[in-house]
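# Observations on the three-dimensional arrangement
So the chains spell out like this:
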Amino acid sequence: MARRTRLLALALAAPLLLSACSTDDSGSGDGGGGDSGGSAAADGDLSFAVVTHGSAGDAFWDVVQKGAEAAGEDLGVSVDYQSDGDPQRQSQLVQAAVNQDVDGIVVSMANPDALQDSVEAAVAAGIPVITINSGAEQSAQFGAIGHVGQDEAIAGQGAGQRLAQDGATNVLCVVHEAGNIGLEQRCDGASQGLGSEVRLLQVDINDLQAAQSTITSQLQSDPTIDAVLTLNSGVASVAAAAASDAGSEAEIATFDLNGDVISAIQDGSISFAVDQQQYEQGYLPIVMLKLYAQNLNTVGGGQPVLTGPGIVDSTNVDEIADLASAGTR
Amino acid sequence: MSATREAPVERPVRADERLAAVGIWRRLLVKPELGSLIGAVVILAFFSAQSDVFRGLSGIANWLDVASTLGIMAVAVALLMIGGHFDLSAGVLTGTTALTVGIVATELDQNIWVAIGAALVLALAIGFANGWLVTRTGLPSFIITLGTFLMLQGLNLGLTKLFTGTVVVRGIAEAPGYHSAELLLASTINVFGQPFRVAIVWWLLATAVASWVLLRTRFGNWVFATGGDEVASRNVGVPARRTTITLFMTTAAAAWLVGSITAVRLTSVQANTGTGQELIYIVAAVIGGCLLTGGFGSAIGAALGALVFGMTQQGIVYLDWDADWFYFFLGAMLLLAVLTNRLVRRYAEAARR
């Protein structure tokens, strides 16, 4: 008898425990979601959903989230941030936002085809959509009222041109995420800017130590490589270490910033970073959605609003250093 | 079978003292799916009470959609686990089949049904290879399928780039025959005016078929026997090898179904599709009452495990909770499920004595 009761208690305790530790939180959250639909828009109590393809724990998307939440606080609107790297899951999250009848949806479109249905469903439900980061070409076609991002090919070209100026000819482009088309576009853009084909190297963002070894081997096996372009700030740091391991003089350049990259630019081991200022990709869409909700304004006139590329190098790195450590650059 | 045994039931007055009386509670508790059923009901009640969107038709369609493709895999993985094995390549295989559908349809310019057929042949071959290697070498399926998993992951990326020059296969919607495939695999069905994804029907169908096979067919008995004790089962004439290979091929076929649904629905497939999902399938099967040691579990339980997963994942969104904590909740549920299962197994063994 006692054992039976204990077993039942255990089986029942599981979800109850989960609910117990979160009820206080959910009370306010439910209110935010439930009250905000439709009529609430008039008196300024707006609620927006941000759904990105960033994986949990990715520092880049953390900055986007910070931007969106800061905009929500500054403008007095509620912002709910969700993300999932799997395109099907991401489209289900967009669908969930539609179901909640939010006043606006911000969605990153790394894989536009996969998101077409859910974005169009949001538009059909009368919810204004802003696309961010990638997917500029499809944004208007799917019915979004604007796009905020960095054109990956243009940013890649910028990096390629800068490397060419610095005298690089044999460039290694390090791809850290299999399946992310935006990264391939950056490398293609870099080829165009450089004027010659860059060489691609595949590493895994989840295992930076192995990435470092891979880059070291590549630099050892081909000493004519005179520049390494990484597409993620974490990979940039290990690329700099790999170059010194391999005794290579290759110039290191990267996309995106973090604290380590900034100090590496300060001490010269990384020459420059292409900053897409993703904080704006979180902040601006919230502003745009609020303007649209209150004044039917759109921004960009059908063209994407570009947040980059901004080049961070030894000339401006010191000013940015503090902002990056606060997590907004 | 039941007809021949009706006679003893007619005289229940004198109970046989050699048979222990098994109370209704104990009989319920030895059902593998009980834990996940209680979990599902409690989670449903909890989220429904907190969010009117969650309990609304559009919300239900949304979390059933999440549960459906996961559920198809969880049911097949549950059969394999009852048979005493794991398949770590199951997640990445959904990507392999989806990419095959995409590449054959767009790069080789074939009808989409030809592409789907080719993906099925490939999936069954991979499933057979997994099963054959496991039965021939006697190595743990964990190791064999880990090898397959890594090889497929590399092939997915390498071949996709070789064929398309990039990491995404696109344009599946333009393939001939797409509309019939879409109707069958990626359409929606209106219920009370709310569109539900057709994948949900496939999920229910997979659960029903798997339950029937497991509980009503000779093959189902073989699965339990092989998973319970392979040597003993072989001694009494169970074709354990054939059973194991069939189970691996079943998992592969499920991966093919999910991969095809993904490819047709998204019309573009990323080279990293499905990677990491294999553990989620196992989690759903374990929440559903499958024992890691084999020989015990149920298909309905695994389907309920997938339902728990889908409801939790979307419920957190509907309550505007921080989704960063989702995996913590999932892990806690897994631990509780395993602990519950352990107690249930003790009961099951006690009831048998």
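Only a predicted model underlies this, so the values are computations on that prediction, with no experimental measurement involved. (Residues numbered from 1 in each chain as written. Chains lettered and ligands numbered in written order. Predicted model: local features only at pLDDT ≥ 70, side-chain atom pairs only at ≥ 80, totals over all residues. Heavy atoms only, no water.)

We now examine the UniProt feature "transmembrane region" (unreviewed entry) in chain B. Residue and element names in this part refer to chain B. The positions UniProt marks with the feature "transmembrane region" (unreviewed entry) are residues 34-51, 63-82, 112-133, 139-159, 196-215, 245-267, 279-305 and 325-344. Helix and strand shares over residues 63-82 are 100% and 0% respectively, and the end C-alpha atoms of the span are 27 Å apart. Spanning residues 196-215, this segment combines 85% helix with 10% strand, and its end C-alpha atoms are found 29 Å apart. (UniProt positions renumbered as here; feature names shortened; annotations may be inferred. Helix = DSSP H or I, 4+ residues; strand = E, 2+ residues; numbered from the N terminus.)

If you look at the biggest cluster of nonpolar residues, it comprises 118 residues, and the most contacted ones within it are A:Ile105, B:Met81, B:Ile112, B:Trp203, B:Val264 and B:Leu307. With 16 residues, helix H5 (residues 57-82) of chain B is the single largest residue contributor to this core. Aside from chain neighbours lying at most four places away, what touches B:Trp203 is B:Leu64, B:Ala67, B:Ser68, B:Gly71, B:Ile72, B:Ala303 and B:Leu307. A:Leu201, A:Ile225, A:Ile252 and A:Ile270 belong to the second largest nonpolar core, which has 30 residues in total. (Core = buried A, V, L, I, M, F, W, Y, C linked by side-chain atoms within 4.5 Å. Buried < 20%, exposed > 50% of the residue type's maximum accessible area, 1.4 Å probe, protein only. Contact = heavy atoms within 4.5 Å.)

Residues and elements named next belong to chain A. Applying the stated criterion across every chain, the model contains 1 disulfide over all chains. Each disulfide pairs two cysteine sulfurs, and for Cys 173 the partner residue is Cys 187, the sulfurs being separated by 2.0 Å. Handedness here is read from the sign of the S-S torsion; for Cys 173 and Cys 187, about -80 degrees, the answer is left-handed. Here Cys 173, found in strand E6 (residues 171-175), pairs with Cys 187, found in helix H8 (residues 181-194); they are 14 residues apart in sequence, far enough to count as distant. (Disulfide = S-S within 2.5 Å.)

Residues and elements named next belong to chain A. Parsing chain A into structural domains produces domain 1 (47-150 + 277-298) and domain 2 (152-275). Domain 1 and domain 2 are separated by 29 Å when their C-alpha centres are compared. At the interface, 7 residues of domain 1 touch 10 residues of domain 2. Summing the contributions of domain 1 and of domain 2, the shared interface buries around 720 Å²; its carbon and sulfur component is 34%. (Domains from an automatic or database assignment. Buried area = accessible area lost by both parts, 1.4 Å probe.)

It is worth spelling out the sheet that holds strand E5 (residues 146-149) of chain A at this point. Residue and element names in this part refer to chain A. Spatially, E2-E1-E3-E4-E5-E11 is the arrangement adopted by the 6 strands of the open sheet, whose pairing is parallel. Edge positions in the open sheet fall to strand E2 (78-83) and strand E11 (305-306), since each of these has one partner strand only. Looking at chain direction, strand E1 (residues 47-52) and E2 are connected through 6 bridges and run parallel. Bridging from a neighbouring strand, Val 50 pairs with Tyr 81 of E2. This element, helix H4 (residues 87-99), spans E1, E2 and strand E3 (104-108) of the sheet and lies at about 175 degrees to E3. (Pairing = 2+ DSSP bridges. Axes fitted to C-alpha atoms, helices over the stretch in contact; angles between N-to-C directions.)

On to the pattern of salt bridges. Inspection of every chain in the model, using the stated rule, returns 12 salt bridges over all chains. Residues joined in a network through salt bridges with shared partners are A:Arg162, A:Asp166 and A:Asp313. (Salt bridge = Lys/Arg side-chain N within 4 Å of Asp/Glu carboxyl O.)

All names here are of chain A. By the secondary structure assignment, Leu 257 is in the loop between strand E9 (251-255) and helix H11 (259-267). Once the C-alpha coordinates of Leu 257 and Ala 159 are considered, the two residues, 98 residues apart in sequence, prove to be 14 Å apart. Aside from chain neighbours lying at most four places away, what touches Leu 257 is Ser 233, Ile 262, Ala 273, Asp 275, Val 312, Ile 320 and Arg 329.

Now for helix H14 (residues 277-287) of chain B. Residue and element names in this part refer to chain B. Burial runs high along H14: 9 of the 11 residues are buried. Taken together, the buried positions of H14 are Glu 278, Ile 280, Tyr 281, Ile 282, Val 283, Ala 284, Ala 285, Val 286 and Ile 287. Directly beyond the C-terminal end of H14, a positive phi value near 105 degrees is found at Gly 289.

The subject of this paragraph is H5(B). Residue and element names in this part refer to chain B. The sharpest bend along H5 comes to roughly 35 degrees, located at Leu 70. Summarising burial for H5: 23 of the 26 residues are buried, a large majority. Downstream of H5 by a residue or two, Gly 84 has a phi angle that is positive, lying close to 90 degrees. (Bend = angle between axes of the 7 residues up to and from the residue.)

Before going further, it helps to spend a moment on the pairing of E6(A). All names here are of chain A. The buried fraction of E6 is high, at 5 of 5 residues. Burial along E6 is two-sided: Val 171, Cys 173 and Val 175 and Leu 172 and Val 174, pointing in opposite directions, are all buried. By the bridge criterion, 4 bridges tie E6 to strand E8 (residues 227-230) in an arrangement that is parallel. Residue Cys 173 lies in a different strand from E8, and its bridge partner there is Leu 229. In terms of strand pairing, E6 meets strand E7 (residues 199-202) through 4 bridges, oriented parallel. Each residue of the ladder has a partner; that of Val 174, found in E7, is Leu 201.

Residue and element names in this part refer to chain B. It is at 8 Å that the axes of helix H6 (residues 90-107) and helix H7 (residues 112-137) come closest, and there the two elements cross at 145 degrees. The way H6 lies across H7 gives a crossing that is right-handed. Contacts from Leu 93, Thr 96, Thr 97, Thr 100, Val 101, Val 104 and Ala 105 in H6 reach Ile 112, Ala 115, Ile 116, Ala 118, Ala 119, Leu 122, Ala 123 and Ile 126 in H7. Counted by class, the contact of H6 with H7 contains 12 nonpolar, 3 polar and no charged residues. (Left-handed = near helix turned anticlockwise from the far one by under 90°. Nonpolar A, V, L, I, M, F, W, Y, C, P; charged D, E, K, R; others polar.)

Our focus in this paragraph is the side chain of B:Ser211. Residue and element names in this part refer to chain B. Among the structural elements, Ser 211 can be located in helix H10 (residues 199-216). Assessed through its relative accessible area of 12%, Ser 211 is described here as buried. Contact partners of Ser 211, with chain neighbours within four places excluded, come to Arg 216, Ala 299 and Ile 300.

This part covers the environment of B:Leu330. Residues and elements named next belong to chain B. Within the secondary structure, Leu 330 is located in helix H16 (residues 326-352). Remark: the alpha-carbon pair of Leu 330 and Phe 86, spanning 244 residues in sequence, is separated by 20 Å. The contacts of Leu 330, once residues within four sequence positions are left out, are Ile 280, Val 283 and Phe 309.

Attention now moves to the layout of surface pockets. Size it by volume and the second largest pocket reaches roughly 390 Å³. In terms of lining, the second largest pocket is formed by 22 residues, of which the most central are A:Gln95, B:Thr188, B:Pro195, B:Arg197 and B:Arg265. The residue inventory of the lining of the second largest pocket, partitioned by class, reads 7 nonpolar, 10 polar and 5 charged. (1 Å grid on protein atoms, 1.4 Å probe; cavity = no way out; pocket = protein on both sides within 12 Å on 5 of 7 lines; lining within 4 Å. Points joined across faces, edges and corners; volume = space filled by probe spheres on them.)

Here the focus is unusual backbone geometry. Residue and element names in this part refer to chain A. The linkage connecting Gly 308 with the following residue, Pro 309, adopts the cis geometry, with an omega of 0 degrees. Here Pro 309 shows up in the loop between E11 and strand E12 (310-313). Phi at Gln 277 is positive, roughly 50 degrees, even though this residue is not glycine. Structurally, Gln 277 is set in the loop between strand E10 (272-275) and helix H12 (278-295).

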